[in-house]
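A closer look at the structure
What follows is the residue order along each chain.
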Amino acid sequence: MQKYDVVIIGGGVVGCATARELTRYKLRVALFEGAPDICSGQSKANTAIVHAGFDAKPGTDKARFNVIGNAMFDTLARELDVHFERNGSIVLAFSDEGIPELEKLVWRGVANGVKGLRVIRAEELRNLEPNVSAKAVAALFAPSGGIVSPYELTFAYAENAVKNGAAVFREAPVTDVRRDGRGGYLVRAGGRECAARAVVNCAGVHADEINNRVSAERIGITPRRGEYHIVDKSYGKLFKSAIFQLPTAMGKGVLVARTVEDTILLGPTAEDIPDREDKSTTAGGLAKVLERAALTWEDIPRRGFITTFSGIRAHCDKDDFVLGEPGDAPLFFNAAGIESPGLTAAPAIAVYLAESVAQRLRAAENPAFDPVRKAIPAFRTMDADERAAAIAKNPDYAKIVCRCENVSEAEIRECIRRPVGARSVDGVKFRARAGMGRCQSGFCLTRVMEILAEELGVPETEITKSGGGSYLVSGRIFGEEEGGRA
Amino acid sequence: MREREVGVLVIGGGPAGLAAGIAAKEAGCARVLVVDREDAPGGILKQCIHNGFGLQAFGEELTGTEYAERYIEKAFAAGVEVACGTMAIDLTGGRVATIVSRARGLETVRAGAVVLAMGCRERPRGALATPGSRCAGVYTAGNAQKLVNMKGLMPGKRVVILGSGDIGLIMARRMTFMGARVLACVELMPYSAGLTRNIVQCLDDFGIPLLLSHTVVDIKGRERLEGVSVAAVDETLSPIPGTERELACDTLLLSVGLLPENELSSTAGVRLSPATGGAEVDENLQTAVPGVFSCGNVLHVHDLVDFVSEEAARAGKAAARYAAGETRPRGTVPVEAGSGVGGIVPQFLGEQIEGDVKLMFRTRGIYKKARVVAERGGREIYSKREMILVPGEMVGVTLKKDALGSGREPVRVRIEV
């Protein structure tokens, strides 16, 4: 039986970050992800905002870890080579009655330790964001707010964790966790059992199921769906900051936020649903997003729509993060109920958990730990000289596969070859951006399938959209058959 | 970085680019370079193994691949340089392009004139914002066509087609030939966007129902598509509650419109028409950027490739003349789309016209026993009675040089019922 010092359950941003932070210590670390790829749940589908920290109730773990996490992003983005911009956040008020509400947010932020918050009037708002609706009369400005690519961050954490010695297993759903009677745990993942001195529960919408197996301090997670629209990057220059709304009579506001890739996110809705995996979008939800986003952005260009998506937040009935060891399960650590501002808090949660685990296991520091991970150099962000140099080194850089995002064959091959690399078309899409642009893989799909088949050494009939049974084709009509599926 | 100079640079080696390249060469341009991002020229015709091409251009019925082959052979015979696996990644208003290829790396191309012939792309699912699951099994019709015809891979076995554009109709027949069951072709509008002959030959002949004024309102399936909900729509194109029905299927093909691929044109400062999604051009196919011409589906989405070739040849010839020093600015006399007329090309005319001028457009709806009328300064300069006009088929209006006359008076085209 495999023995680890620490088993992490769940390969979202918190799990992968915790894996990386644990490799700062001399510990054998394994991470198990049930889905075909890491970053498949909430970490993939959220607002991609690094929150300033004025929203969470003072005194909560959400408030505390939000503010600590936010401050970590500059260093982290440098170490892991991920896109991060401190572009500021704005909360719009659409009537004078909203101004006291904005001031309340300022005070809440001050109590949480957020710096630089202030209420700005229409004129300054217009200067800052000329394309915001004329209906907005004032706003809260939070200069420390930022944006990050949540999946880039998660993949970077995982790559760095593996580089520093962690093992990451995918398609390895944890079906059982129990005490081994000697102070440790037995974890059944992907049909195999392994032993762990400590367990970290980062199982997202399933975190309650995992916790409730080992602790009587039960927690309950409600899957809360949020639906989004994405608008093409040609509109990305319209807004600088992430723009929130104060709640109005119409309900909780939605966000209009530029992403680090210059697309614009509109959303989310918030709807409690029974099925933890139901990531479908609905006509009603999408309509609601548009109706409310139009308060911020008056003429949303429908011809700019690229796609829609939904994410499932793990809302905990305690309405706060659940972190650390329950009283009755020593060496079992929770990171449960990690909903917004979970992405912002994730780096801080990971450090906190890793330190707690290391302390309890009396682990020594790992002197070989290297915090640096390099991103795959992207053709689209290079200047002419960099492009020429990249092509001279690897001619695959001269072969553009995804024309909307200018992604080269070199990048696609590299994202498959990397640790915890892509195994599916969506895996390539989220790592290298091929297929994420305005044509949504209309042109590059077949080529990406070919490259995946070559790199993975499987027939094209085996290639999936996102792992599991999401096969892209039902069979072969002609051409060589290398013994694919029946 | 390598640099080279050419007389005419053609971006895109599909039917438009090839015809433009050949015409530029025939017009006397010594160095004509056609770049194409794919590994072989021919563009979308490479995957069009069905017939119906060339009736207008050659008076015979060819497959798409045969049609392309004729132009490819002609281009090589004429001495047009065709660089495949080569993508234009930048274009300036000064007609300097950056191209990249595995064979030659990055290159700067300075061109006397440029012909934009990048074609179009299919509207994806996201553009419709169709709700539901993002499972596998949802393809644009063109992508499915590529899988089947070029890769020998079968997208699925039980198929619903959303949208009745020509590629969708063609794929209804192709998937049926390949052993799939096509349950229905679902069209939002009360009429099809495709050619009548395709509805007859690809749907009717195989008993595939065409559900007009219907749409897909939900997409179901966790990993692979399991079914779609189809509902009728009202006059505002909104789904009518209570009319939903479930169709169990593993494949949904989308044929919901084509969008000219003008991202590169925009970087060069080319002005686009909101009505066509393509450049605003004059009768010589010149855009607002001097020396930059546009033709084929990147200019406006055509119904027949024969018209693409004809239009592209005019663009190629005009580009060669520009490169040879016969420069003149784009015309500024407006061509206006009147009642019933969709995006019209060209949008402008010169004050002095050299010959007959061909206008092309699509109607905004179905018109029976209607007249297509062109007027200038209160004079009727064209009138033709048509039995039926449908948006799926382009209307061509050839204005005689003499009837057109000259001057700054705009030309207006309308449908008279």
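First things first, this report covers the structure right here in the doc. Bear in mind the structure is a predicted one, so any value in this text is a computation, not a measurement.

**Brief notes about the overall build of chain B**
- Assigned secondary structure in chain B consists of nine helices and 28 strands.
- Its C-alpha radius of gyration of 22 Å places chain B within 12% of the 22 Å reference for a compact globule of 417 residues.
- Across its three principal axes, chain B shows a C-alpha extent of roughly 65 × 60 × 40 Å.
- Here chain B holds 417 residues, and 61% of them are scored as buried.
- Look at the contacts in chain B between residues 6 or more apart in sequence, and 64% of them connect residues 24 or more apart.
- By element, 51% of the accessible surface of chain B is carried by carbon and sulfur atoms, the whole surface being about 15700 Å².
- Computing the positive centroid from 49 side-chain charges and the negative centroid from 48, chain B places the two 1 Å apart.

**A few points about the sheet that holds strand β13 (residues 181–187) of chain B**
Residues and elements named next belong to chain B.
- Strand order in the open sheet formed by five strands is β10-β18-β12-β13-β14, with parallel pairing between adjacent strands. The open sheet is flanked by β10 (138–140) and β14 (210–212), the only strands paired with a single partner. Going from strand to strand, the sheet's axes swing by 20 degrees on average, the running direction of each strand aside.

**Quick look at the pattern of salt bridges**
- For the structure on display, the rule yields 80 salt bridges over all chains.
- Close ionic contact of B:Glu375 with B:Arg414 constitutes a salt bridge, the shortest N to O distance being 2.7 Å. Placement of B:Glu375 in strand β25 (residues 367–376) and of B:Arg414 in strand β28 (residues 411–416) is noted, with a sequence separation of 39 residues between them.
- Classification of B:Glu375 by relative accessible area gives partly exposed; the value is 21%.
- Each of A:Asp396, A:Glu409, A:Arg413, A:Arg417, A:Arg447, A:Glu450, A:Glu454, A:Glu455, A:Glu460, B:Arg102 and B:Lys151 takes part in one network of salt bridges that share partners.

**As for the interface of chain B and chain A**
- At the junction of the two partners, chain B supplies 46 residues and chain A supplies 55 residues.
- Buried area between chain B and chain A, both sides added, is near 4200 Å², and the carbon and sulfur share of it is 54%.
- It is B:Arg37, B:Arg102 and B:Arg134 that lose the most area in chain B upon contact with chain A, and together they represent 17% of the buried surface on that side.
- Summed over the shared surface of chain B and chain A, the number is eight salt bridges.

**Some words on helix α3 (residues 98–112) of chain A**
Residues and elements named next belong to chain A.
- When the terminal C-alpha atoms of α3 are compared, their 21 Å separation across 15 residues agrees well with the 21 Å that a helix rising 1.5 Å per residue should span.
- Of the residues making up α3, those classed as buried are Gly98, Ile99, Leu102, Leu105, Val106, Gly109 and Asn112. Projected down its long axis, α3 carries its buried residues within an arc of 135 degrees, all on one side. In this structure, α3 carries Lys104, Trp107 and Ala111 as exposed residues pointing more than 90 degrees from its buried face.
- On its buried face, α3 sits against α2 (61–80), β5 (89–93), β6 (118–121) and β7 (138–142).

Reading the values: rules and limits
Residues numbered from 1 in each chain as written. Chains lettered and ligands numbered in written order. Predicted model: local features only at pLDDT ≥ 70, side-chain atom pairs only at ≥ 80, totals over all residues. Heavy atoms only, no water. Helix = DSSP H or I, 4+ residues; strand = E, 2+ residues; numbered from the N terminus. Rg over C-alpha atoms; globule rule 2.2 N^0.38 Å. Buried < 20%, exposed > 50% of the residue type's maximum accessible area, 1.4 Å probe, protein only. Contact = heavy atoms within 4.5 Å. Areas by Shrake-Rupley, 256 points an atom, 1.4 Å probe, with all protein chains shown as cover. Lys, Arg positive; Asp, Glu negative; His and termini not counted. Charge placed at Lys NZ, Arg CZ, Asp CG, Glu CD. Pairing = 2+ DSSP bridges. Axes fitted to C-alpha atoms, helices over the stretch in contact; angles between N-to-C directions. Salt bridge = Lys/Arg side-chain N within 4 Å of Asp/Glu carboxyl O. Buried area = accessible area lost by both parts, 1.4 Å probe. Expected span 1.5 Å × (residues − 1). Arc of directions from axis to C-beta.

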